[in-house]
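One-letter residues, chain by chain:
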Amino acid sequence: MSEKSFGELDVVGLNLQAVFDLAQLADDIVARLRRIAGDLAPYRQLILIGNAGPALWRAVDIARLKTDDPIDEFSARAVAGWFSRHHGDAARMQLYPGAAAVDLQALGALAGWHHPSPFKVGINDRFGTWFAYRVAMLADSRIPPTRPWASASPCTACTTLPCIEACPAKALSSETFSLDACIEYRRSDGSRCSATCISRLQCPVGQTHRYDEAQIRHGYANSLRMIEKYAAGRGNR
Ligand code: SF4
Ligand code: SF4
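Numbers given to residues run from 1 along each chain, matching the order in which its sequence is written. In the order they appear in the text, chains get letters beginning with A and ligands get numbers beginning with 1. At least 70 in pLDDT is required for a residue's local features to be given in this predicted model, at least 80 for side-chain atom pairs to be given and counted, and no such filter applies to totals for whole chains, interfaces and linings, which use all residues. Side-chain figures throughout are based on the complete set of non-hydrogen atoms in the structure, without hydrogens or water.

**Student:** Can you break down the overall build of the chain residue by residue, with the values?
**Tutor:** The secondary structure listing takes helices from DSSP runs of H or I that are at least 4 residues long and strands from runs of E that are at least 2 residues long, numbered from the N terminus. When you go through the chain residue by residue, the secondary structure sums to 9 helices and 6 strands. Atoms counted for the radius of gyration: C-alpha only. Globule rule: 2.2 Å times residue count to the power 0.38. For 237 residues, the compact-globule formula gives about 18 Å, and the C-alpha radius of gyration of the chain, at 19 Å, lands near that figure. By principal-axis analysis of the C-alpha atoms, the chain measures approximately 50 × 40 × 35 Å. Whether a residue is buried, partly exposed or exposed follows from its accessible area with a 1.4 Å probe, protein chains only, as a fraction of its type maximum: under 20%, in between, or over 50%, in that order. Out of the 237 residues in the chain, the part that is buried amounts to 44%. When contacts within the chain are restricted to residue pairs at least 6 apart in sequence, long-range pairs at least 24 apart make up 75% of them. Note on charges: Lys and Arg go in the positive column, Asp and Glu in the negative column, and His and the chain ends are not counted at all. In plain terms, the charge of a residue is placed at NZ if it is Lys, CZ if Arg, CG if Asp and CD if Glu. Between the centroid of the 27 positive side chains of the chain and the centroid of its 24 negative side chains there is a distance of 3 Å. Note on contacts: a residue pair is in contact if any heavy atoms of the two residues lie within 4.5 Å.

**Student:** Got a sec to walk through unusual backbone geometry? Specific residues and values, please.
**Tutor:** Cis geometry marks the peptide bond from Tyr-96 to Pro-97; its omega dihedral reads -5 degrees. Relative to the elements of secondary structure, Pro-97 occurs in the loop between strand S3 (92-96) and helix H5 (104-111). Phi at Arg-64 is positive, roughly 50 degrees, even though this residue is not glycine. When you line up the elements, Arg-64 lands in the loop between helix H3 (55-63) and helix H4 (70-87). Judged by its relative accessible area of 59%, Arg-64 falls in the exposed class. In this structure, Leu-161 takes a positive phi of about 45 degrees despite not being glycine. Of note, Leu-161 is situated in the loop between strand S6 (131-139) and helix H6 (162-166).

**Student:** Describe the nonpolar core, with residues and values.
**Tutor:** Considering soluble globular proteins, one finds that nonpolar side chains tend to be buried as a cluster. Judged by nonpolar contacts, the single largest core of 26 residues is most densely connected at Leu-22, Leu-25, Leu-33, Leu-46, Leu-48, Trp-113 and Leu-138. Listed in part, the 20 residues of the second largest apolar core include Phe-6, Ala-59, Ala-78 and Trp-82. Here the nonpolar core consists of buried residues drawn from Ala, Val, Leu, Ile, Met, Phe, Trp, Tyr and Cys, with membership extended through side-chain atoms lying within 4.5 Å.

**Student:** Let's hear about the packing of aromatic side chains: which residues, and what values?
**Tutor:** When the centres of two rings from Phe, Tyr and Trp lie within 6.5 Å, Trp using its six-membered ring, the rings pair. Their planes under 30 degrees apart give stacked, over 60 give edge-to-face, and anything left gives tilted. For the structure on display, the rule yields 7 aromatic pairs. Seen in terms of ring centroids, Trp-130 and Tyr-211 are 5.2 Å apart; in terms of plane orientation they differ by 65 degrees. Their pairing is edge-to-face. Remark: Tyr-211 occurs in the loop between helix H8 (198-202) and helix H9 (213-233) and Trp-130 occurs in the loop between strand S5 (122-123) and S6; sequence separation between them is 81 residues. Assigned by exposure class, Trp-130 and Tyr-211 land together as buried. Residues Phe-131 and Tyr-133 carry aromatic rings whose centres are separated by 6.0 Å and whose planes lie at 80 degrees to one another, so their mutual orientation is edge-to-face. One cation-aromatic arrangement involves Arg-126 over Trp-149; the distance from NZ or CZ to the ring centre is 3.9 Å. Charge over a ring is defined by NZ of Lys or CZ of Arg lying within 6 Å of the ring centre and within 35 degrees of the ring normal.

Written as structure tokens, this is what we have:
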């Protein structure tokens with residue numbers, strides 16, 4: 001199987017793919033995978049699939065899936081179909097989306113996709129912050145491993161730092177990101193961040209790959225819902 005077979009994922013916007021041989025991964029990463037998946041013996045590879053730009057959202061919109069999480073559902077189905085067409089019934093275990101917490105940013109860093117930004121969303125010099133992780137899985141596949149991107153963090157060379165200035169909660173103003181300040185502002189009446197992140201919009205990197213407004217609203221409204229659910233569970237409203 002060649003990397004060309006990823007073309008059918010590319011056309012639906014699942015256009016980031018990284019493949020790692022488990023035997024080549026660092027011990028700490030393998031240990032983390034083992035904690036999630038148990039026995040790794042049935043698998044040879046870790047496959048990470050992501051999206052960059054708005055194409056995935058548009059494909060999801062066309063599919064009109066009746067589910068609360070159409071992006072996850074669409075991505076998982078597309079990757080499962082792609083895998084079975086190319087690998088038949090080879091062993092496969094989907095780690096993400098899933099119940100266990102997978103450190104996706106660590107895997108993204110391994111692929112060269114991820115550098116930290118001041119507002120904690122990953123960034124790279126090709127797509128800015130307009131990319132995301134969609135499926136991570138173990139598989140008994142023999143795909144040629146991909147080379148990590150050699151990319152520098154755009155934040156290192158950013159002198160004007162418009163993201164920091166733009167945050168209405170001043171959550172980025174000190175050395176470390178204040179998640180508490182961000183959440184408090186997002187939950188406040190009249191918040192400008194109830195369905196977006198003003199700082200993210202202000203970052204000039206990768207603007208040609210910016211998500212559609214509907215996708216931005218969907219993603220941030222979902223995350224605010226989860227924040228409210230968590231707060232309600234703690235009696236904090
Ligand atoms: S505005 Fe500058 S510092 Fe902020 S995320 Fe973009 S590149 Fe990084
Ligand atoms: S969501 Fe709003 S408050 Fe939070 S970091 Fe982004 S701009 Fe700041």
